[in-house]
Every structure is written in C-alpha cells, then in structure tokens.
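Take a look at the letters that make up each chain.
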Amino acid sequence: MLRIVVPVMAWLLSFAGHAAPDPLAPVRAAFQQALEAVPRGPTTEADPAALREYPLYPYLQAERLQWRLARPQPDAAIETEVAAFLTRYGDAPWTRRLRTAWLKQLAERKDWARFEAHYLDARADTSLRCHHLNARIAAGAGAELFPSALEIWRTGSSLPESCTDKIDWLRAQGALTVEEIATRTRLALEAANLGLARYLIKLLPEAQRGYYQLWVDVLANPAAHLDRAYAQNLEPRAIYDAFAKLARSDRDSARAIVARFEADCGQPCSLQSPATPGELRREIALNQSWSRLPQTVDSFRQVPVEALDERGFEWRVRAALWAGDWELAAQWIAQMTPELLAQPRWRYWRARSAEKLGQAQLAQVDYESLVQDNGYYAVLAAERLDRAYLPQQPQRPESEAAQLRLAAMPGFVRTREAWLIEQPAWARSEWNEATADLDAQHLLEAARVASSWGWHFMAVATSTRAEVFDDYDLLYPRPAAYQADLVRAAQQVELPPEWVWSVMRQESLYDPRARSSANARGLLQLLPATARNVARRNGFASPSIEDLFDPATNLRLGTAYMREQFERFGARFVLVLGAYNAGPNAVRRWLPDTSMETDVWIENVPFNETRNYIQRIVWNSTVFGWKASGEPQRITPLLTPISSDFESLASGAP
C-alpha cells in the first residue's frame, strides 16, 4: 500500500473553504520540476524525503523507468527494476503505461516467460492479447486456445501485426475453416472495410469467392452493380448498405433503381428487411429531407409505414413541418411508436400541430405537461403558453462530512494533485478507480468534490453517472476565475453574458486546456486559423497556439467571432450557434427560401450534432439567465423567425 503523508486536518480545512494554506503546494512544485527533468536523463542526486512522500511520486518513478526502458541501449539493471516496480504496485494506475511498454519489448524479443509473469488480460489491448496467445503457443498450448484466438479473429477491423503469428498458427492447426473465413469476410463487409474484405476473399475457395466479391463490388460502386446484386439475390443487408450510399450521392439513379426493383417484385412486395423497395424509398426520402428538398413530403408518402425505422418516423414529420403541412405532421406523429411519442420532442410537436389546427385545448394539455419538466422543449412549451419558464430543481441532500471523507481518500488526493499539475490522463484514471464502487448518493457527493476543485468536466460526468441532471449549482457553475474576463468580453461585443457562459459550458466544460480532435482549443474551442483571422479583422495581436489556452485571450477572440456571426446572420443567435458548431457555409445551405418559425428550422437542422448543440445551448442560456437573475426566463429574443434575406450574406461578410 502506498503510504501518503498529508497534514490531513489542514488539507481538509482548506477543502472546506477555510483559509488554511495548501500543505502540498511546495512539494507539488518540486514534483513538477522533477517530472520536467525526466527527458534529460537520470540524476545521481537522491530525491528528498518530501518528494518521495508526495502522493504522485510513483508516477515520477514510472516515468523515469519508462524513459530508461526506451533508450536504444538500456542499462542492465532497468528490467529488474521494472519487474520489481510492477510486482510492488500490481495494477495501480501509475503502472499501466510502463507495463504496456515493457510487455511489447518482451514480446518483440519473444521473452515469453517474463511476458507471462507480468501480463494482465484486463488491461491488454488486441495487440497484447495476440502476444499473450503467441506466448502460450510457444509454451506448447494447443486446441484449448482456439476459442480465445477465434474471438480475436472474428472482427471486421484489421488486426495488428502482432496477431499474424496467431493467425498463421490457427491456419496450420486447421482452425481457420472456410466458415470462419466467410464469417470474418461478412463482418468486414458489414463494417465497409473493403480492403480487408478483398484480402479475406482470396483465402476462400474459388467457388465461394463470387458472392462476396459481388458484395465488395456493389459497395464500391452501387450505381454500376446494384441491378446485378438484386438479380443474383445478394442478401438484403448488402443491397441496403449499397443503396443508402447511392441515395446520398445520386438520388436520380436511386429512384430509377427502386422503380426497376418494384417492377420485378410485383405488388404487394413482401417485407424482407432491410432491402424491400419501400425501405429503399425510405432512404431516398431521408436523404431528400436532410437537403430539405421540395419533393421530400411526396417521397415519404410513398414509403409504407411498415418500412419506417426510427429515423423514418422522425424525419417524415420534420419534412411535414418544413413544408408547413401541420395536418400531415399531426397525422404522422400519431403513427409514431409509443416510445417516440413519449419523448418531449414529439409531445411538443404534437401540441404545436394541434395548436396550428385550432385544437387549443389539446395543445394546452401537452404544453402544461412539458413545462413541468426540464429541457429545451419545456422552455419552448412555456413560450407557446406565453409565460416565463422556471427550471425545476428538487432539493437533494448534501453531506459535507461525506465530501470531506471522500476528499481525504488516497485516490481522491492523487486525483486532485494530478488535476492541479495538468496531467488529465492521470487524473481521469485515478478518479475512475476511486469512484468505481460508489453508490449513486456518494457519486453525487464525489461530483460535488470535483466541482469544489474547479474540475467541472468531471463533476458533470460523475453527476451523469449518478443520474442527476437538475442540480444547477453543480452542473451550471459560473467559475469566479473566468467571471470578470467573460463579462468584459461579452460587454465589448454587446452579447448577453449568459449566452457566452452557455457556449463555454457546451464547448469545453470550463476547461481552459481543452483541445478537440479537430484541434480547437481553449474555453470557447477556437481553431488556430479562425482565431488568427478574428484577431486580424478586429485589430488584436495575432495569437499563438499557447495563447488560445489563456482564458482572457480565448474569451476575447471567441466572443468577437460570435459577434461577427451575429451580424452576418441578421442577429439570429440560433444561426450563430449553428455556424459556431458546423460552420457558416453549412448554415447558409440550411436557410429556408421564405421566413420560417425558429423552432421548425432548428428541428430540421440535418446534422444531429448541430441540432442537439443548438438545443442544449438554448437550454443552457435559460438556466444561466435564471441563475443570474433569480427570475423565470423568456427566450423570445432567440425565436426571431429564420430567413435568408440578410444583406451581409449577399455581401460576403466574414
């Protein structure tokens, strides 16, 4: 057990909000210096006692061992030290990267005895699992390995190089039967991994290759091969996948193919999901709806109800809303499954349709039911009732004693230290370990601990695990660290601060070091090129990559960009949100030809991510407005009708 010496009472008083100094601050700084020195190589000086007692000291040891292990000519003692370290700490979070690196080295040398001694299946990726099987094969194992080896084999993804020996062994043992090869070929095709499928087809007997080769051909070029695939009774899954691809790229060819299929099928066509003509027509209608084409409603009329999946039920209603056909929308909503009809989304649109059709009493019932809940559709329902909305927040018990006990646990102490020194991978690993066995109430208290540290991302994630979505102090904070910069930036561009808080929460969950897979950075998730262009247009200094992690800089540039989009899109903030998430060009494509009610436009945003993004920020702004004022909220300014007659669009404003 790792011994942690912490002045517990002083630390707990600090956690509880008292003025006690942070007892770990001095050694924390020393740890960071030692960690930064690792790439420069080992030192002959012994670590001071205080550093050795620091909660994260084993991570420093692991980093040093890994550095030595990675040298072209590692010193003779390193593997003995690594083995001792792993034996001492077992599966502790700080051992995992080191264990993986060492096991891969041992596997490369085929040092199977030591590999097996330190291998942990629960932490192994596919590459290490294959090495493990290779180790057992080398030790003389036989048919008892077939189930484990074939479990790895049965995937539609390509396998790592470490699995080659295992595959060769399976083939030599006669375990890679024609059926096994065909099974994996099918999995590759279902995953649209055509390269792997082509390789696997070559392993099949020649007499069995034609069927799967046709599947490859039709996925690679649907227009050229769909007729042949249909005539040769290629299975419905293959025809459906190929047709869905064609419907996205060439709707005219897709319609012609459906007509030919229907002529061959006769009437009525039996339903052989998912490749009947009705379901293929569904794919055409779906793709038309995502482009908001005028013929979409007529296309959905030609789709039998039994051919509709969840997307079909939803998007044909959206198409009717876009077309302004409220009677048809009401009819199609009524045909939805009970599960869909129970959702706030479709309860709201059922009420909207009833209201439009003069059925005020029916609409009132749904609206009144919705405003008792939380979320975007509850706020919209309140607007339809012409009243302000008050978020629903039940009282939940809070135990400071439980929070203090959790915060003093070694795993929580290590988590906090890792978070403070900006080692998020360590912090997440420690947190997951420390909270793995907590019940819902203690998970909520743990979320409150994370929030008290300022780690709002983990506070929200842990609240979700506890199924708590309505503790607004916990889930919608306004951190003091950003308050002044955010209000100043919002005032400079004349946008409400709650709008900026809402975007920040959605983009980064208050993490100034947040970085997306697309390389967006900081609190408002700015791409470097966008930030530089905004700076140039607004007379700011050009930011470096690192500048985007500075809260004040990021907020100034992000709010300036929002203001540019606000002016570009005629002061319609929901369009600003769409542009912020999907880009201005996408929003241009989505604009209607004539003025449209905002809720209808939002519902028809074709990207699920962007539609959800807009809806969440509308909800966020409601909560932040309520928290700032203490008063029920109206979102009337956000519901200005949507149209495309913006002068700035025509002039090509940035």
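Residues numbered from 1 in each chain as written. Predicted model: local features only at pLDDT ≥ 70, side-chain atom pairs only at ≥ 80, totals over all residues. Heavy atoms only, no water.

### Comments concerning the overall build of the protein chain
Then, number 1: When helices and strands are tallied, the protein chain shows 39 helices and 0 strands.
Then, number 2: Overall size of the protein chain, expressed as C-alpha extent along the three principal axes, is 80 × 75 × 50 Å.
Then, number 3: When burial is assessed residue by residue, the protein chain has 50% of its 654 residues classed as buried.
Then, number 4: Of the contacts formed within the protein chain by residues at least 6 apart in sequence, a portion of 58% connects residues at least 24 apart.
Then, number 5: Here the protein chain has roughly 30200 Å² of accessible surface; of this, 50% comes from carbon and sulfur atoms.
Then, number 6: Charged side chains in the protein chain number 73 positive and 79 negative. The centres of these two groups are separated by 3 Å. (Helix = DSSP H or I, 4+ residues; strand = E, 2+ residues; numbered from the N terminus. Buried < 20%, exposed > 50% of the residue type's maximum accessible area, 1.4 Å probe, protein only. Contact = heavy atoms within 4.5 Å. Areas by Shrake-Rupley, 256 points an atom, 1.4 Å probe, with all protein chains shown as cover. Lys, Arg positive; Asp, Glu negative; His and termini not counted. Charge placed at Lys NZ, Arg CZ, Asp CG, Glu CD.)

### Quick notes on helix 26 (residues 410-420)
For an α-helix, 3.6 residues make a turn, and residues three or four places apart therefore share a direction.
Then, number 1: With 8 of 11 residues buried, helix 26 is to be regarded as a mostly interior element.
Then, number 2: For helix 26, the full list of buried residues reads Gly 411, Phe 412, Val 413, Arg 414, Thr 415, Arg 416, Glu 417 and Ala 418.
Then, number 3: The first or second residue beyond helix 26 is Glu 422, which carries a positive phi of 60°.

### Quick word on unusual backbone geometry
Then, number 1: You will see that Glu 467, though not glycine, has its phi angle at about 60°, which is positive.
Then, number 2: With respect to the element layout, Glu 467 can be found in the loop between helix 29 (456-465) and helix 30 (472-475).
Then, number 3: Residue Glu 467 is classed as exposed on the basis of its relative accessible area of 63%.
Then, number 4: Notably, Gln 525 is not glycine yet its phi reads approximately 50°, a positive angle.

### Observations concerning the packing of helix 26 against helix 28 (residues 440-453)
Then, number 1: The geometry of helix 26 relative to helix 28 is characterised by a closest axis approach of 11 Å and an angle of 30° between their N-to-C directions. Comparing their axes, helix 28 and helix 26 come out roughly parallel. Here the hand of the crossing between helix 26 and helix 28 comes out right-handed. Within the contact between the two elements, helix 26 uses Phe 412, Thr 415, Arg 416 and Trp 419 and helix 28 uses Ala 446, Val 449 and Trp 453.
Then, number 2: For the contact of helix 26 with helix 28, a count of residues per class yields 5 nonpolar, 1 polar and 1 charged. (Axes fitted to C-alpha atoms, helices over the stretch in contact; angles between N-to-C directions. Parallel < 35°, antiparallel > 145°, perpendicular 65-115°, else oblique. Left-handed = near helix turned anticlockwise from the far one by under 90°. Nonpolar A, V, L, I, M, F, W, Y, C, P; charged D, E, K, R; others polar.)

### With respect to the state of the cysteines
Then, number 1: For the structure on display, the rule yields 1 disulfide.
Then, number 2: At a sulfur-sulfur separation of 1.9 Å, the disulfide partner of Cys 130 is Cys 163. When the S-S torsion is 90°, as for the bridge of Cys 130 with Cys 163, the disulfide is right-handed. In this pair, Cys 130 sits in helix 8 (residues 126-138) while Cys 163 sits in the loop between helix 9 (146-153) and helix 10 (164-172), placing the two residues 33 residues apart along the sequence. (Disulfide = S-S within 2.5 Å.)

### Quick notes on the pattern of salt bridges
Then, number 1: Applying the stated criterion across every chain, the model contains 50 salt bridges.
Then, number 2: Measuring nitrogen to oxygen at the nearest pair gives 2.8 Å for the salt bridge that ties Glu 368 to Arg 387. In this pair, Glu 368 sits in helix 23 (residues 360-370) while Arg 387 sits in the loop between helix 24 (376-384) and helix 25 (400-408), placing the two residues 19 residues apart along the sequence.
Then, number 3: With a relative accessible area of 25%, Glu 368 lands in the partly exposed category.
Then, number 4: The class of Arg 387 is partly exposed, set by a relative accessible area of 33%.
Then, number 5: The network of salt bridges with shared partners includes Glu 279, Arg 282, Glu 283, Asp 309 and Arg 311. (Salt bridge = Lys/Arg side-chain N within 4 Å of Asp/Glu carboxyl O.)

### Examining the nonpolar core
Then, number 1: Phe 31, Phe 115, Trp 349, Val 503, Met 504 and Trp 601 are the most contacted members of the largest nonpolar core, which totals 155 residues.
Then, number 2: Counting residues per element, this core draws most heavily on helix 38 (residues 608-629), which supplies 8 residues.
Then, number 3: Residues within four places of Phe 115 in sequence aside, it is in contact with Leu 103, Leu 106, Ala 107, Leu 128, His 131, His 132 and Ala 135.
Then, number 4: Counting 47 residues, the second largest nonpolar core, distinct from the first, contains Cys 130, Ile 201, Ala 229 and Ile 257. (Core = buried A, V, L, I, M, F, W, Y, C linked by side-chain atoms within 4.5 Å.)

### Details of the packing of aromatic side chains
Then, number 1: For the structure on display, the rule yields 31 aromatic pairs.
Then, number 2: For the pair Trp 499 and Phe 573, a centre-to-centre distance of 4.0 Å together with 20° between the ring planes defines the contact as stacked. Of the two residues, Trp 499 sits in helix 32 (residues 497-508) while Phe 573 sits in helix 35 (residues 573-582), which places them 74 residues apart along the sequence. Of the two residues, Trp 499 and Phe 573, both sit in the buried class.
Then, number 3: One aromatic cluster in this structure is built from Phe 31, Tyr 54, Tyr 59, Phe 85, Tyr 89, Trp 94 and Trp 426.
Then, number 4: A cation over an aromatic ring shows up here: Arg 184 above the ring of Trp 153, its NZ or CZ 4.7 Å from the ring centre.
Then, number 5: Above the plane of the ring of Trp 322 lies Arg 292, whose end atom (NZ or CZ) is 5.9 Å from the centre. (Phe/Tyr/Trp six-rings, centres within 6.5 Å; stacked < 30°, edge-to-face > 60°. Lys NZ or Arg CZ within 6 Å of the ring centre and 35° of its normal.)

### Digging into the environment of Ser 629
Then, number 1: Here Ser 629 lies in helix 38.
Then, number 2: A residue is classified by how much of its surface remains accessible, and Ser 629, at 42% relative accessible area, is partly exposed.
Then, number 3: Among the polar contacts made by the side chain of Ser 629, one reaches the main-chain carbonyl oxygen of Gly 625 at a distance of 2.9 Å. (Polar contact = N/O pair within 3.5 Å; in protein donor to acceptor, adjacent residues only side chain to side chain.)

### Quick look at the side chain of Arg 281
Then, number 1: Looking at the secondary structure, you find Arg 281 in helix 17 (residues 277-290).
Then, number 2: Here Arg 281 is in contact with Val 258, Glu 262, Gln 302 and Val 303, once residues within four sequence places are set aside.

### Some points on the environment of Arg 184
Then, number 1: Its location among the elements puts Arg 184 in helix 11 (residues 178-190).
Then, number 2: Of the residues examined, Arg 184 reaches a relative accessible area of 3% and is grouped as buried.
Then, number 3: Separated by 162 residues in sequence, Arg 184 and Asp 22 place their C-alpha atoms 57 Å apart.
Then, number 4: Not counting the four nearest positions on each side in its chain, Arg 184 is found in contact with Trp 153, Thr 155, Ser 157, Ser 158, Leu 159, Leu 196 and Leu 200.

### Considering the confidence of the model for the protein chain
Then, number 1: For the protein chain, per-residue confidence averages 92 on the pLDDT scale, and 94% of positions sit at 70 or higher.
Then, number 2: Note on residues 1-11: pLDDT under 50 across the span, and 18 contacts to partners over four residues away in sequence or across chains.
Then, number 3: Residue range residues 647-654 is modelled with pLDDT below 50. Its contacts to residues more than four positions away, or to other chains, number 15 contacts. (pLDDT = per-residue confidence, 0-100.)

### Remarks on helix 17
Then, number 1: Here helix 17 spans 20 Å end to end across 14 residues, near enough to the 20 Å set by a 1.5 Å rise per residue.
Then, number 2: Burial of helix 17 is extensive: 13 of the 14 residues sit out of reach of the surface. (Expected span 1.5 Å × (residues − 1).)

### Describing the side chain of Glu 314
Then, number 1: With respect to the secondary-structure elements, Glu 314 resides in helix 19 (residues 310-323).
Then, number 2: When its relative accessible area of 12% is taken as the criterion, Glu 314 is described as buried.
Then, number 3: Apart from residues lying up to four places away in sequence, Glu 314 is in contact with Met 336, Leu 340, Gln 343 and Trp 346.

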